[in-house]
Amino acid sequence: MALGCCGSLVFLAGGSRILGLNLGESGQDGSSGDKESNGVVAFAFSPSGTYVAVTVDNKQLLLFRTRPWECVSVRSALRRSTSLAITGTEDQILLADKSGDVYSFSISEPHSPGQLQLGHLSMLLAVAVSPDSRHVITADRDEKIRVSLLEQPYVIEAFCLGHREFVSELSIPPNHPQLLVSGSGDGTVRLWEYENGTQLHCLELSELQPSGCQKARRAVVRLAHCRGANFFAVLCDTFSSVYVLELDVESLRLVHRQTITVKQRACDMSFDDSGGLWILDGEVAVLYQLQEGLWQEIPDHPDQMRIKEVIRANWPVFQGSATEISCSNLYKMSIDNMAEYQLKKQQRIHQRRSKKKLETLELRADSKRLRKGEAAV
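Quantities reported herein were computed from a predicted structural model and do not represent experimental measurements.

*Asks:* Teacher, can you tell me more about a nonpolar patch on the surface here?
*Replies:* A cluster of nonpolar side chains, contributed by Ile156, Phe159 and Leu161, occupies part of the molecular surface with about 270 Å² of accessible area. With respect to the helices and strands, isoleucine 156 occurs in strand E16 (residues 156-160).

*Asks:* How do you make sense of the side chain of glutamine 258 when you look at a structure like this?
*Replies:* Here glutamine 258 lies in strand E24 (residues 253-261). There is a polar contact of 2.7 Å between the side chain of glutamine 258 and the backbone nitrogen of tryptophan 295. Those residues within four positions of glutamine 258 in sequence are excluded, and the remaining contacts are Val242, Tyr243, Val244, Leu294 and Trp295.

*Asks:* Where do I start with the nonpolar core in this structure?
*Replies:* Soluble globular proteins tend to bury their nonpolar side chains together. Grouped together as the largest cluster of nonpolar side chains are 25 residues, with contacts concentrated most on Leu277 and Ile279. For this core, the secondary structure elements donating two or more residues are strand E21 (220-225), strand E22 (231-236), strand E23 (241-248), strand E25 (266-271), strand E26 (277-281) and strand E27 (284-291). In terms of nonpolar packing, the next biggest core, distinct from the first, is built from 17 residues, Val181, Leu191, Phe232 and Tyr243 among them.

*Asks:* How do you make sense of the environment of valine 221 when you look at a structure like this?
*Replies:* Structurally, valine 221 can be placed in strand E21. C-alpha separation for the pair valine 221 and leucine 235, spaced 14 residues apart in sequence, amounts to 5.8 Å.

*Asks:* I would appreciate a short explanation of the sheet that holds strand E6 (residues 51-56) in the present structure.
*Replies:* Whether parallel or antiparallel, the strands of a sheet pair through hydrogen bonds between backbone atoms. With respect to topology, four strands assemble into an open sheet ordered E5-E6-E7-E8, the strand pairing being antiparallel. Of all the strands in the sheet, the pair left with one neighbour each is strand E5 (40-45) and strand E8 (69-76). Strand after strand, the sheet turns through a mean of 20° between neighbouring axes, direction not considered. When E5 meets E6, the two strands line up antiparallel, connected through five bridges. Bridging across to E6, alanine 42 finds its partner in threonine 55.

*Asks:* Explain the side chain of aspartate 268 here, please?
*Replies:* Within the secondary structure, aspartate 268 is located in strand E25. Under the relative-accessibility criterion, aspartate 268 is labelled buried at 2%.

*Asks:* Please clarify how a positive patch on the surface should be interpreted in this entry.
*Replies:* On the surface, a cluster of positive charge is made up of Lys345, Arg348, Arg352 and Arg353. Along the polypeptide, arginine 352 turns up in helix H3 (residues 337-376).

*Asks:* How should I be thinking about the packing of aromatic side chains in this particular structure?
*Replies:* The geometry of two aromatic rings is summed up by the distance between their centres and the angle between their planes. If you walk through the whole model with that rule in mind, you get three aromatic pairs. Where phenylalanine 231 meets tryptophan 295, the ring centres are 5.5 Å apart and the plane angle is 90°; that geometry is what we call edge-to-face. Placement of phenylalanine 231 in strand E22 and of tryptophan 295 in strand E28 (residues 294-297) is noted, with a sequence separation of 64 residues between them. The exposure classification of phenylalanine 231 matches that of tryptophan 295, with both residues buried. Aromatic side chains phenylalanine 271 and tryptophan 295 sit 5.8 Å apart centroid to centroid with 65° between the ring planes, which places their arrangement in the edge-to-face category. Placement of phenylalanine 271 in strand E25 and of tryptophan 295 in strand E28 is noted, with a sequence separation of 24 residues between them. Taken individually, phenylalanine 271 and tryptophan 295 each receive the classification buried, so the pair is uniform in this respect. Put simply, the rings of Phe231, Phe271 and Trp295 touch in pairs and so form one group of aromatic residues.

*Asks:* It is not clear to me how the confidence of the model for the protein should be interpreted in this structure. Could you clarify?
*Replies:* Interpretation of the predicted coordinates at a detailed level should be avoided for regions scoring low in pLDDT. For the protein, the average pLDDT comes to 86, and 88% of its residues sit at 70 or higher. Mean pLDDT across the elements of the protein bottoms out in strand E4 (residues 35-36) (50) and peaks in strand E15 (residues 145-149) (98). Taken together, the stretch residues 27-34 has pLDDT below 50 and engages in 22 contacts with residues farther than four places along the chain or on a different chain.

*Asks:* Can you help me understand the pairing of strand E14 (residues 135-140) in this one?
*Replies:* Look at any regular strand and the pattern is simple: side chains alternate between the two faces of the sheet. In terms of burial, E14 is largely enclosed, as six of its six residues are buried. Of the two faces of E14, the one carrying His135, Ile137 and Ala139 and the one carrying Val136, Thr138 and Asp140 are both buried. Bridging between strand E13 (residues 124-129) and E14 involves five bridges; their strand directions are antiparallel. Among the inter-strand pairings, leucine 124 is bridged to a residue of E14, identified as aspartate 140. Hairpin connection between E13 and E14: a loop of five residues separates the two successive antiparallel strands, and serine 133 in this loop has a positive phi of roughly 60°. Of the strand pairs in this sheet, E14 and E15 are connected by five bridges, and their pairing is antiparallel. Bridge pairing links alanine 139 to isoleucine 145 in E15. From the end of E14 to the start of E15, which pair antiparallel, there are four residues, and glutamate 143 there has a positive phi angle of about 70°.

Parameters and conventions
Residues numbered from 1 in each chain as written. Predicted model: local features only at pLDDT ≥ 70, side-chain atom pairs only at ≥ 80, totals over all residues. Heavy atoms only, no water. Patch = residues over 30% accessible without salt bridge, like charges linked within 9 Å, V, L, I, M, F, W, Y side chains within 5 Å. Areas by Shrake-Rupley, 256 points an atom, 1.4 Å probe, with all protein chains shown as cover. Salt bridge = Lys/Arg side-chain N within 4 Å of Asp/Glu carboxyl O. Helix = DSSP H or I, 4+ residues; strand = E, 2+ residues; numbered from the N terminus. Polar contact = N/O pair within 3.5 Å; in protein donor to acceptor, adjacent residues only side chain to side chain. Contact = heavy atoms within 4.5 Å. Core = buried A, V, L, I, M, F, W, Y, C linked by side-chain atoms within 4.5 Å. Buried < 20%, exposed > 50% of the residue type's maximum accessible area, 1.4 Å probe, protein only. Pairing = 2+ DSSP bridges. Axes fitted to C-alpha atoms, helices over the stretch in contact; angles between N-to-C directions. Lys, Arg positive; Asp, Glu negative; His and termini not counted. Charge placed at Lys NZ, Arg CZ, Asp CG, Glu CD. Phe/Tyr/Trp six-rings, centres within 6.5 Å; stacked < 30°, edge-to-face > 60°. pLDDT = per-residue confidence, 0-100.

Pasting the structure below:
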């Protein structure tokens with residue numbers, strides 16, 4: 001299942017169903033935004049929440065208007081997408097795909113085909129747009145973060161280099177638009193000044209694990225920013241907890257504030273505009289709010305009860321879709337051909353030496369027998 005929030009809007013997807021809810025309208029039952037699909041791959045809200053773009057397994061791009069919820073267009077992409085972003089001017093959808101390309105789809109012309117904007121030599125995993133719509137930032141499987149001009153994407157302004165594995169998540173906080181936060185398969189979250197490619201801070205998530213636990217590398221699969229505040233939530237694969245980080249603007253560092261341990265397994269998460277953190281815990285969307293310096297569950301919140309009812313009403317479709325996100329297939333296989341070559345070389349040298357030693361012993365034996373025969377004569 002996938003979960004996203006923007007203002008009073010909530011997006012839920014699972015199985016073959018997409019659901020849109022407007023929690024600010026008590027008369028809406030939360031199901032009028034249904035749209036059959038083949039499994040959601042990625043989605044993105046526009047900055048104002050007016051639109052949400054969705055890509056599904058069959059390479060289709062769906063565009064929804066959210067007030068009221070309705071499907072505006074269904075278009076096809078050339079290849080399976082990996083990430084989506086909508087520009088600040090809300091006129092373009094940027095779609096990154098597995099082949100390393102970014103296509104632009106018009107919102108004002110909802111049925112026009114996509115236009116190729118830029119490309120990488122590696123699979124793209126994340127795309128983001130600066131709040132002023134000046135820069136497009138792309139991240140790939142080869143540890144690179146590229147900063148390009150949106151209007152002239154062939155102009156590369158900077159590279160943000162430092163990650164040791166694939167870069168899976170990107171986030172630009174609107175209240176600090178010069179900064180970029182990235183998450184990676186190397187188990188780090190990094191803070192950048194992206195226009196010049198400067199790394200400001202690197203936080204090793206393995207250091208946040210409780211003492212006594214085995215320090216394992218965990219890939220970042222979700223990175224969510226709290227609008228109007230400096231909080232980030234981080235979800236890693238094979239780890240059913242959520243890290244809450246705070247951006248210290250004065251020191252330009254990411255500071256760990258809390259680790260939220262869920263009851264079942266964390267599948268997805270998102271902040272709403274009021275600062276609440278929604279975590280999809282197995283089959284239930286749970287709301288956490290900041291109280292007395294800690295993020296605490298609010299079990300009786302009316303919005304949580306409403307979402308729970310919507311999930312329950314659509315459970316035959318959602319059932320089986322609440323699974324953990326895994327990035328294990330994105331790690332590259334390291335093959336040490338040199339070690340295998342050296343081993344085989346040593347074996348060949350040993351065989352030659354053994355053969356030579358055996359030939360020497362046989363030659364000495366023959367010489368000894370020859371001398372004994374000459375002595376007998």
